[in-house]
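# Topology and contacts: notes
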Amino acid sequence: METKEYIESGILELYVYGLLSESENEEVALKAKDSPEINSEIVAIEKSIVSLSSSFSPFLSVSNYEKIREKLELKYAKVIPLEPKTNWGQYVGWAAAVLLLVGIGFQYTQLDQTNTQVVNATAEKAKIEQQLNLLELAKKQTETTLAVVRDTNNTVVELGGQAVAPTSSAKVYWNKNTEVVYVDAAGLPEPPKGMVYQVWALKLNPLTPTSIGLLDKFDSNTQRMFAVSNTGDAEAFGITLEPAGGSLSPTMEQLYTLGKV
């Protein structure tokens, strides 16, 4: 044990008070002989006891007490009061508690940040998946459009704008062998909310319209290429603007495009 630790252990006070065993007294005496610091501490403790005893000696006469005190002071010089030792254990405990709270707060902050990062990563993943799905859909629509346009078996019918929308246009790709019909509606304006374009296959004499489909989800079909129902021996095609869900017969006042085969 180092000298400082030995002094702070409290054994020197017990030595001065006479509360140690004989072997312990001998040990302290030997250490005091070899260590000036230990010896000085013992002297300081004794002087403190002398100073303290001045307030607890009511049974001695004033003259006798003064004689004893003078002799002790001559022997030990100026009395050094005993300073209370710092309760380091208490301070260490409080410091540990503060560090623990700081550590818990830091861990909580880290956990919250991690949770936020996980949520953000999940949202970003969902966003990327949605974009990929849209790209895949656009790719399929493009492939369909190219296949229809390049098919030499298709008869292309040009549909011109009518009185309600002179600048409108459309194309019908009709494979007479398979009777499959595609409508290229890129030349049509986006329909108003609550309205839909309806495609009609027409017999001209007498005029007999047959609905072959609606151009649904107009805004999400970026290629504006729509597959409609099979048709028979159509002589013309027309596209009208109808209420959502379509109509049983075409609204001629809302005839946007018309074209003969």
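First, a word on what this report is: a plain description of the structure on this page. Being a predicted model, the structure only gives us computed values, none of them experimental. Numbering of residues starts from 1 in each chain and follows the order in which that chain's sequence is written. At least 70 in pLDDT is required for a residue's local features to be given in this predicted model, at least 80 for side-chain atom pairs to be given and counted, and no such filter applies to totals for whole chains, interfaces and linings, which use all residues. Just so you know, side-chain values use all the structure's heavy atoms and leave hydrogens and water out.

### What about the overall build of the protein chain?
Think of it this way: any DSSP run of H or I at least four residues long counts as a helix, any run of E at least two long counts as a strand, and we number them from the N terminus. Helix and strand counts for the protein chain come out as 6 helices and 8 strands. Here the term buried applies to any residue with accessible area under 20% of the maximum for its type, exposed to any over 50%, and partly exposed to those in between, with areas from a 1.4 Å probe on protein chains only. Burial status across the protein chain gives 26% buried among its 261 residues. Here the analysis covers contacts within the protein chain between residues at least 6 apart in sequence; of these, 60% occur between residues at least 24 apart. Of the roughly 17800 Å² that the protein chain leaves accessible, carbon and sulfur atoms contribute 57%. Two residues qualify as a contact provided that any one of their heavy atoms is within 4.5 Å of a heavy atom in the partner residue. The Shrake-Rupley method, run with a 1.4 Å probe sphere, supplies the accessible areas, and residue values consider only the shown protein chains as cover.

### A closer look at the pairing of strand β4 (residues 195–204)
The element β4 is largely enclosed, with a buried count of 7 among its 10 residues. We treat two strands as partners when DSSP finds at least two bridges between them. In terms of strand pairing, β4 meets strand β7 (residues 236–243) through 8 bridges, oriented antiparallel. Each residue of the ladder has a partner; that of Val196, found in β7, is Glu242. Here β4 runs beside strand β5 (residues 207–214); their pairing, made up of 7 bridges, is antiparallel. Paired with Leu204 across the strands is Leu207, a residue of β5. Hairpin remark: β4 followed by β5, antiparallel, with 2 residues in the connecting loop.

### What about the side chain of Glu242?
Mapped onto the secondary structure, Glu242 falls in strand β7. Note that His is not counted, nor are the chain ends; the positive residues are Lys and Arg, and the negative ones are Asp and Glu. The rule for a salt bridge is simple: a side-chain nitrogen of Lys or Arg has to be within 4 Å of a carboxyl oxygen of Asp or Glu. Comment: no salt bridge for buried Glu242; closest opposite-charge side chain is Arg224, at 18 Å. The definition of a polar contact used here is a pair of N or O atoms within 3.5 Å, where within protein one atom must be able to donate a hydrogen and the other to accept one, and adjacent residues in sequence count solely through side-chain atom pairs. Side-chain polar atoms of Glu242 contact the side chain of Thr240, separated by 2.7 Å. The residues contacting Glu242, other than those within four sequence positions of it, are Met195, Val196, Gln198, Trp200, Ser247, Ser249, Pro250 and Thr251.

### Observations concerning the side chain of Asp184
Position of Asp184 relative to the elements: it lies in strand β3 (residues 180–184). For the buried Asp184, no salt bridge is present, and the opposite-charge side chain at shortest range is Lys171, 5.5 Å distant. In terms of polar contacts, Asp184 uses its side chain to reach the backbone amide nitrogen of Ala186, at 3.2 Å. The contact partners of Asp184, leaving out residues within four places of it in the chain, are Ala170, Lys171, Tyr173, Gln223, Arg224 and Met225.

### Some words on the nonpolar core
By size, the foremost hydrophobic cluster in this structure holds 23 residues, and its most contacted members are Val172, Leu188, Tyr197, Leu215, Phe237 and Ile239. Contributions of two or more residues to this core are made by β1 (154–162), β2 (165–175), β3, β4, β6 (225–228) and β7. Looking at this core, the element that brings in the most residues is β2, giving 4 residues. Setting aside chain neighbours within four positions, we find Leu188 in contact with Ser168, Ser169, Tyr197, Leu215, Phe218, Ile239, Tyr256 and Thr257. Here, nonpolar core refers to any group of buried Ala, Val, Leu, Ile, Met, Phe, Trp, Tyr and Cys residues whose side-chain atoms link them within 4.5 Å.

### Points about the environment of Met252
With respect to the element layout, Met252 can be found in the loop between β7 and β8 (255–260). Judged by relative accessible area, Met252 falls into the partly exposed class, the value being 49%. Separated by 12 residues in the primary sequence, Met252 and Thr240 place their C-alpha atoms 7.2 Å from one another.

### Concerning the sheet that holds β7
With antiparallel pairing, the 8 strands of this open sheet are ordered in space as β5-β4-β7-β8-β1-β2-β3-β6. Two strands bound the open sheet, and with one partner strand each, they are β5 and β6. Direction aside, the axes of adjacent strands within the sheet are offset by 30° on average. The axes are straight lines fitted to the C-alpha atoms, using for helices just the contacting stretch, and the angles between their N-to-C directions are given from 0 to 180°.

### Describing the pattern of salt bridges
As a working rule, side chains carrying opposite charge can pair if their charged atoms are close by. Per the counting criterion, the structure on display carries 1 salt bridge. Between Lys171 and Glu158 there is a salt bridge, with the nearest N and O atoms lying 3.9 Å from each other. Pair noted here: Lys171 is in strand β2 and Glu158 is in strand β1, with a separation of 13 residues, a long-range link. The exposure class of Lys171 is partly exposed, given its relative accessible area of 30%. Under the relative-accessibility criterion, Glu158 is labelled exposed at 51%.

### Some details on unusual backbone geometry
Of note, the amide linkage connecting Asn205 to Pro206 takes the cis form, showing an omega dihedral of -5°. Tracing the backbone through its elements, the reader meets Pro206 in the loop between β4 and β5. Of note, Lys217 is a non-glycine position whose phi angle comes to about 50°, a positive value. Following the sequence through the fold, Lys217 ends up in the loop between β5 and β6. Judged by relative accessible area, which is 66%, Lys217 ranks as exposed. Positive phi, close to 60°, is recorded for Arg224, a residue that is not glycine. In this structure, Arg224 sits in the loop between β5 and β6.

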